[in-house]
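Here's the letter readout for the chains.
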Amino acid sequence: DLAAEADSVRLLRELVSPFGELIVLARANASAVPGKSFDAIRVGDASWEATLERWRVAQGVLHVDDLELNWNRFGAIGKGTLSLDPSHAVAGLLDFKLGGMTTFLETAAHKHLSGAANQGIAAALLDRAAKSGNNDAALLGAVIGFHDGVVSVGDESATTEEPLY
């Protein structure tokens, strides 16, 4: 099992997105199976690369039960499953509910951002919001997919991803 929480995470300039440079809260609860793949690293007898490779070869899956990311007045709560593909890139889906879309859309308008394919996750979310709108609870649903080196929001390519190792 994995549980992690971080408050007030300031991103490096290269990682700042239209969501903002400060993640107010990042929280994750997940479980990785098979757990035996992590035995050697628990006792300091393996690198993280070797551990992830053992886990990948064993068809390991990370079950994300709760993933929460909050920027000032915009946030996302998600869950899903992830694994590693043969190229060592992330594969799988995370199903998010995003709140604070009004703030996000206002920020995007202020920064003259627009929705577009292959321009990053924020641009893909803008495009998704324009197409689908919010539900009755003012939440936008968005599935983030990782497949064949591509990160998508719904059926739209958002960006590419590099192998982890």
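Residues numbered from 1 in each chain as written. Predicted model: local features only at pLDDT ≥ 70, side-chain atom pairs only at ≥ 80, totals over all residues. Heavy atoms only, no water.

1. Let's talk about the confidence of the model for the chain
Put simply, the chain has an average pLDDT of 89, and 96% of its residues get 70 or more. Considering each helix and strand of the chain separately, the mean pLDDT is smallest for helix α3 (residues 101-110), with a value of 79, and largest for helix α2 (residues 48-57), with 97. (pLDDT = per-residue confidence, 0-100. Helix = DSSP H or I, 4+ residues; strand = E, 2+ residues; numbered from the N terminus.)

2. Details of the pairing of strand β6 (residues 140-147)
Bridge count for strand β5 (residues 90-99) against β6 is seven bridges, and the pairing is antiparallel. Within β6, the position partnered with Gly-92 by the bridge is Phe-146. Bridge analysis of β6 against strand β7 (residues 150-153) gives four bridges, and the strand direction is antiparallel. Paired with Ile-144 across the strands is Val-153, a residue of β7. Hairpin connection from β6 to β7: two residues lie between these consecutive antiparallel strands, with Asp-148 at a positive phi of about 50°. (Pairing = 2+ DSSP bridges.)

3. A look at the sheet that holds β6
The eight strands are arranged β1-β2-β3-β4-β5-β6-β7-β8 in an open sheet whose pairing can be described as antiparallel. The two strands at the open ends of the sheet, each matched to only one other strand, are β1 (2-10) and β8 (156-160). Pairs of neighbouring strands in the sheet enclose a mean axial angle of 20°, with direction left out of account. Relative to strand β4 (residues 74-84), α2 is tilted by about 70°, and along the sheet it contacts β2 (22-33), β3 (61-71) and β4. (Axes fitted to C-alpha atoms, helices over the stretch in contact; angles between N-to-C directions. Contact = heavy atoms within 4.5 Å.)

4. Things to note about the environment of Gly-44
In this structure, Gly-44 sits in the loop between α1 (39-42) and α2. For Gly-44, a relative accessible area of 66% translates into the label exposed. A C-alpha to C-alpha distance of 35 Å links Gly-44 and Thr-159, two positions 115 residues apart in sequence. (Buried < 20%, exposed > 50% of the residue type's maximum accessible area, 1.4 Å probe, protein only.)

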